[in-house]
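Survey of secondary and tertiary structure
Listed here are the chains, written in short residue letters.
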Amino acid sequence: MSRRPRPTGLPPAPEPLPGPVVDNHTHLESIAALLSDPADPKQPTDDAARPGIATHLAAALAVGVDRIVQIGCDLDSAAASLDIVDLARTNTGRGGSGESAAVVAGVAIHPNEVVAHHRIVEASPDGLEPARAPRHETGYADAFARIAELARDERIRVISETGLDHFRAGERGRAVQREAFRDHIALAKELGLPMQIHDREAHAAVLEVLDADGAPERTVVHAFSGDAAFARACLERGCHLSFSGTVTFKNAADLRAAARIVPADRLLVETDAPYLTPHPNRGRPNSPVQLPHTVRLLAELRGEDLSDFCERLAALSEDLYGPFA
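Residues numbered from 1 in each chain as written. Predicted model: local features only at pLDDT ≥ 70, side-chain atom pairs only at ≥ 80, totals over all residues. Heavy atoms only, no water.

The next point concerns the confidence of the model for the protein chain. Note that predicted coordinates carrying low pLDDT should not be read in detail. For the protein chain, mean pLDDT is 92; residues scoring 70 or higher make up 91% of the total. Below pLDDT 50 for its whole length, residues 1-5 participates in zero contacts with residues either more than four positions away or in separate chains. Contacts from residues 43-48, a stretch scored under 50 in pLDDT, to residues over four places away or in other chains number eleven contacts. (pLDDT = per-residue confidence, 0-100. Contact = heavy atoms within 4.5 Å.)

The contact between helix H9 (residues 253-261) and helix H10 (residues 291-302) brings their axes to 9 Å, and the two run at 70°. By the angle class used here, H9 and H10 are roughly perpendicular. Crossing of H9 over H10 shows right-handed handedness. Packed against H9, whose contacting residues are Arg-256, Ala-259 and Arg-260, the element H10 presents Leu-297, Leu-298, Leu-301 and Arg-302 at the interface. In the contact of H9 with H10, the residues fall into four nonpolar, no polar and three charged. (Axes fitted to C-alpha atoms, helices over the stretch in contact; angles between N-to-C directions. Helix = DSSP H or I, 4+ residues; strand = E, 2+ residues; numbered from the N terminus. Parallel < 35°, antiparallel > 145°, perpendicular 65-115°, else oblique. Left-handed = near helix turned anticlockwise from the far one by under 90°. Nonpolar A, V, L, I, M, F, W, Y, C, P; charged D, E, K, R; others polar.)

A few words on H10. The terminal C-alpha atoms of H10 lie 17 Å apart, and with twelve residues this matches the ideal 16 Å at 1.5 Å per residue to within 8%. Regarding H10, the residues found buried are Leu-291, Pro-292, Thr-294, Val-295, Leu-298, Ala-299, Leu-301 and Arg-302. Just beyond H10, the residue with positive phi is Gly-303, at close to 65°. (Expected span 1.5 Å × (residues − 1). Buried < 20%, exposed > 50% of the residue type's maximum accessible area, 1.4 Å probe, protein only.)

Moving on, we get to the environment of Pro-51. As for its placement among the helices and strands, Pro-51 is situated in the loop between helix H1 (31-35) and helix H2 (53-62). Residue Pro-51 is classed as buried on the basis of its relative accessible area, which comes to 16%. Taking the C-alpha atoms as reference, Pro-51 lies 8.8 Å from Ile-31; in sequence the two are 20 residues apart. When neighbours within four sequence positions are excluded, Pro-51 is seen to be in contact with Leu-10, Leu-35 and His-56.

Turning our attention to unusual backbone geometry. Note that the residue after Ala-273, namely Pro-274, is joined by a cis bond; omega there is 15°. Structurally, the position occupied by Pro-274 is in the loop between strand S8 (267-269) and H10. With an omega of 15°, the peptide bond running from His-279 to Pro-280 counts as cis. Within the secondary structure layout, Pro-280 lies in the loop between S8 and H10. Residues other than glycine seldom take positive phi values, yet Arg-119 does so here, at roughly 60°. Along the chain, the position of Arg-119 falls in the loop between helix H4 (111-117) and helix H5 (140-150). Overall, Arg-119 belongs to the partly exposed group, its relative accessible area being 46%.

Moving on: the sheet that holds strand S6 (residues 219-221). Taken in spatial order, the eight strands make up an open sheet running S1-S2-S3-S4-S5-S6-S7-S8, and their pairing is parallel. At either margin of the open sheet sits one strand with a lone partner, and together these are strand S1 (21-26) and S8. Strand-to-strand, the axes of this sheet are offset by a mean angle of 30°, without reference to chain direction. Taken together, the four bridges between S1 and strand S2 (residues 65-72) define a ladder with parallel strand orientation. Along S2, the bridge assignment pairs Val-22 with Arg-67. Against the sheet, H10 contacts S1, S2, strand S7 (240-243) and S8, and its axis sits at roughly 150° relative to S8. (Pairing = 2+ DSSP bridges.)

Written as C-alpha cells, this is what we have:
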C-alpha cells in the first residue's frame, strides 16, 4: 500500500489560546524562502500560498501569539529585522489597524555565519558544503562591528543568536565560533541586553564558555535540545530555557523530562520558524501561528492550567525583553 503524500505549504492554524503569549524566537524573513524552494517542485509558487510578513503577524495574533521576538542572525536578516519591527508598529497601535502581533528584534552573527565570515572550509559532521553568500565577503571583525552598531538601536532587545554549533563546524570552525561567542557575551553585558544561545551538539563546550566568561544576567538557551541533566546545569548558571516544537515530537522523551523540571520563572516557548514545526505538522514550514501546539503540550506535560501558563509565559517574556509596544 502506497503512503499518502505529505502535505506541503503552511499548515492550518490551531485553536486559539485562552490568553496571549510571546514567541521568544522566530525568523519571519525566512518563511517565504522555505515556501518557495526552487529545488522542491511540490512547493507552491503562487503569492497566496506564500504570505507576507504582515499576514504572518495577523495570523499569529488571531491564535493568541500577540508578541514576537524576531531574530536576525546574519548581516542581511539583522538589518531586515529592524524593518519588521517598524512594519508591526505601523499595523498595531500607532495609527494602524490593530491587527498585528507586536515585534521586537534580536541581532547577532550566528555561529555558522561566523565560520563563513572567516572563510573557513573544512569537513564537519553534517557532511555538507558550507553555504556562501555575498555578505560573507565581509570579514568577521567588520561583520561583528556592524551587529554591535545595530544592537544599540532601541528596537533591538536581545543579542541573538550566538553560541556553538558542533554539527556544522570542524575543528577550525569551532575555534572561531568560540571566540565569537565570547564577543557576543561581552556585547550583551556592555549593552545590558539579554542573550539567546544557539547550542547544537555542543552542550559541554557551551557550559565551558559560560563558566569562563560568566553568562549575561539574562541568558536564554534557545530551542533547548538537552536532557534533564543539561537543563539543571544551565539552570545552575542562571539561564532560562526556551522550548520549541521539538518538545512535541514522539521521540523527545529526554526533552520532555527536561521541560518538567524547569521552574515556572525560567521557562519560555518559541517557534524558531520556519523550522522545528510542532506535532501534528512536523516536516512542514513553521510560523508563529503554530506556537499554541507547543504551549498546550507544555502546560499538559507540567500539569498546569493553560490560562495560568499563558499568563506566566507572557509576563516572563516582558520581564526579559521589556515592553513590546
